[in-house]
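So the chains spell out like this:
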Amino acid sequence: MPLATPSPTPAPPRSSLQLPVASSSAALGSAPLCLAPLRSRKATSSLPSSTLLLLSPLTSHSLEGVGTPGLDTPHCGPRAWLVGRTHGWTQDPGAPRWAVCQGPSQPPQDGAHRKAFRESVRPGWEYIGRKMDVADFEWVMWFTSFRNIIVFALSGHVLFAKLCTMVAPQLRSWMYAVYGALAVLGTMGPWYLLLLLGHCVSLYLASLLGQPWLCLGLSLASLASFKLDPLISWQSGLVTGTFDLQEVLFHGGSGFTVLRCASFALESCAHPDRRYSLADLLKYNFYLPFFFFGPIMTFDRFHAQMSQVEPVRREGELWRIRAQAGLSVVAIMAVDIFFHFFYILTIPSDLKFANRLPDSALAGLAYSNLVYDWVKAAVLFGVVNTVARLDHLDPPQAPKCITALYVFAETHFDRGINDWLCKYVYDHIGGEHSEVIPELGATVATFAITTLWLGPCDIVYLWSFLNCFGLNFELWAQKLAEWGPLAQIEASLSEQMSRRVRALFGAVNFWAIIMYNLVSLNSLEFTELVARRLLLTGFPQTTLAVLFVTYCGVQLVKERERTLALEEEQMQDKEKPE
């Protein structure tokens with residue numbers, strides 16, 4: 001249900017959804033990390049953004065938000081509105097197809113295409129004559145345009161947090177909140193701060209009544225006020241001044257604030273004996289590393305970890321933090337190299353050029369777009385989570401690698417939003433997720449909220465419908481497999497043959513996940529092109545070849561899962577008393 005290594009946690013349960021963004025971000029929920037919070041007011045009629053992480057699809061991520069969202073900022077499709085551009089690509093018709101990796105060769109003759117070309121491929125490593133693919137606004141924002149500002153803000157938080165921990169560890173939660181509030185005040189101005197405080201106070205007052213339905217309803221109304229006109233226009237008008245990051249920070253901060261306040265209110269209703277205060281809500285909401293870009297930690301987890309007066313690190317934790325930081329740096333460098341040699345984000349926007357690619361290259365291009373969005377979500381959340389771990393927090397883990405996914409139930413690009421939706425909506429309505437009707441109601445409600453988070457528009461409606469259908473279809477197929485005659489047939493098969501049959505269905509499901517999330521990451525037209533080439537014009541050679549390679553990959557993933565399960569059982573047996 002669409003992009004840092006904490007202590008090991010159990011594998012995601014059946015209830016894991018594919019949600020938005022972040023990409024990140026801000027990617028579409030179910031598709032890769034997309035964010036609705038990043039929605040641009042200059043293109044409200046266009047598509048949603050992926051929350052970075054924010055929005056990464058419900059299945060996050062990449063919604064404009066699960067994974068995706070929604071945070072997951074799309075590089076095309078729903079994310080295109082963020083930067084107000086159209087992509088373009090040119091290539092000499094007589095040039096060999098491998099030239100795609102060499103970048104654009106000639107400027108387009110058409111004026112509109114020439115403009116798109118200039119905007120999506122810019123000068124990069126000029127000393128070796130390489131241009132850079134800059135189609136993904138979110139990545140460019142984090143690691144090029146505003147890299148120094150973001151590093152300065154996070155570094156300031158780390159130094160301030162270390163000083164507070166040394167001087168007054170019992171007050172560290174207050175210090176974090178004050179630093180975060182001052183950073184928001186200095187960045188966005190007093191009216192924006194007062195606007196968010198108003199939403200916080202209203203949801204705090206609702207929590208005092210102890211009615212979960214009222215808290216959730218008011219939370220959705222608050223979220224809608226940041227997604228729909230005319231309220232969004234009025235609220236955004238309260239922010240004075242103009243700077244490049246204003247729209248991104250406005251929608252990111254306000255969207256995540258509403259989700260955090262909703263988590264606080266619902267936890268207050270679930271545990272009336274704990275008597276949480278408004279101060280607890282403010283300390284939770286204004287923790288700076290999570291404030292603008294996420295990820296989301298539910299209030300109960302954040303409050304329990306932040307309330308430790310003298311937190312103690314587990315053995316080897318600092319080494320793991322350093323390793324994660326180093327891994328993030330390596331991933332950033334690898335993506336930068338990739339952007340200078342493989343223009344995977346720009347090529348899909350030129351359908352004429354994409355149509356000239358061989359079937360195998362087109363399939364690889366579609367797959368690489370989802371892999372990139374996962375890498376982006378992992379890196380962006382990894383950077384923020386590294387800072388959070390230095391503050392003795394255990395933030396949501398990075399999303400599961402897209403290559404290891406073959407079921408919709410585990411597909412997400414933003415684990416934080418995925419956990420939020422599962423805890424307060426999906427699991428609450430669906431229960432054990434074993435009955436068809438409750439599961440249908442749970443998925444419809446979950447993706448309805450995800451659609452609001454990403455920002456309602458045609459492409460988000462389509463993305464939500466496809467992923468909602470995919471999640472329910474898995475349950476229908478499971479029920480069908482348990483039906484008497486089919487169950488007897490499978491029982492008559494050997495264990496190896498049964499696994500082969502399931503792996504074959506997993507391979508088909510893997511490409512369904514790819515295609516459904518490609519809608520939000522790129523465009524409906526590119527998705528149709530890939531589907532037509534793989535299923536119609538390329539049948540049977542391309543279809544069978546792609547399915548065979550995917551089938552082998554699913555078998556490897558299944559074997560890895562089996563090995564891990566055996567190791568876990570052995571560990572549990574050793575821990576049992578004699």
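Here, the structure is the one placed above.
Residues numbered from 1 in each chain as written. Predicted model: local features only at pLDDT ≥ 70, side-chain atom pairs only at ≥ 80, totals over all residues. Heavy atoms only, no water.

Caption draft 1: Representation of a nonpolar patch on the surface in the model. Nonpolar side chains collect at one region of the surface, where Val436, Ile437, Phe465, Phe469, Phe473 and Trp476 lie side by side and expose about 600 Å² of accessible area between them. Residue assignment for the nonpolar patch shows that the elements contributing at least two residues are helix H17 (436–454) and helix H18 (458–481). The element best represented in the nonpolar patch is H18, accounting for four residues. Summarising the element assignment, Val436 is placed in helix H17. Among the residues examined, Val436 registers a relative accessible area of 31% and is labelled partly exposed. (Patch = residues over 30% accessible without salt bridge, like charges linked within 9 Å, V, L, I, M, F, W, Y side chains within 5 Å. Areas by Shrake-Rupley, 256 points an atom, 1.4 Å probe, with all protein chains shown as cover. Salt bridge = Lys/Arg side-chain N within 4 Å of Asp/Glu carboxyl O. Helix = DSSP H or I, 4+ residues; strand = E, 2+ residues; numbered from the N terminus. Buried < 20%, exposed > 50% of the residue type's maximum accessible area, 1.4 Å probe, protein only.)

Caption draft 2: Layout of the packing of aromatic side chains. Scanning the model with the defined rule gives 32 aromatic pairs in all. Centroid distance Phe264 to Phe299: 4.9 Å. Interplanar angle 80°. Geometry classified as edge-to-face. With Phe264 in helix H9 (residues 246–270) and Phe299 in helix H12 (residues 299–306), this pair connects stretches of sequence that are 35 residues apart. Accessibility classification places Phe264 together with Phe299 in one group, the buried group. (Phe/Tyr/Trp six-rings, centres within 6.5 Å; stacked < 30°, edge-to-face > 60°.)

Caption draft 3: Main features of the environment of Ser520. Residue placement: Ser520 occurs in helix H20 (residues 495–521). It is 7.1 Å that separates the C-alpha atoms of Ser520 and Val460, two residues lying 60 residues apart in sequence. At 3.0 Å, the side chain of Ser520 forms a polar contact with the backbone oxygen of Asn517. (Polar contact = N/O pair within 3.5 Å; in protein donor to acceptor, adjacent residues only side chain to side chain.)

Caption draft 4: View of the layout of surface pockets. Roughly 1,100 Å³ of volume is contained in the second largest pocket. What lines the second largest pocket is a set of 31 residues, among which Glu474, Ala477, Gln478, Arg502 and Phe505 lie closest to the centre. For the lining of the second largest pocket, the element with the most residues is H18, which contributes ten residues. When grouped by side-chain class, the residues that make up the lining of the second largest pocket number 20 nonpolar, five polar and six charged. (1 Å grid on protein atoms, 1.4 Å probe; cavity = no way out; pocket = protein on both sides within 12 Å on 5 of 7 lines; lining within 4 Å. Points joined across faces, edges and corners; volume = space filled by probe spheres on them. Nonpolar A, V, L, I, M, F, W, Y, C, P; charged D, E, K, R; others polar.)

Caption draft 5: Expanded view of the side chain of Thr298. The residue Thr298 is located in the loop between helix H11 (288–291) and H12 in this model. Take Thr298: its relative accessible area is 7%, and that puts it in the buried class.

Caption draft 6: Layout of the nonpolar core. Of all hydrophobic cores here, the largest spans 122 residues; its most connected members are Met141, Trp142, Tyr287, Phe292, Trp511, Phe526 and Val530. Examining the composition of this core, we find that 13 residues originate from one element, helix H15 (residues 359–390), more than from any other. With seven residues, the next largest nonpolar core counts Tyr406, Ala507, Val554 and Val557 among its residues. (Core = buried A, V, L, I, M, F, W, Y, C linked by side-chain atoms within 4.5 Å.)

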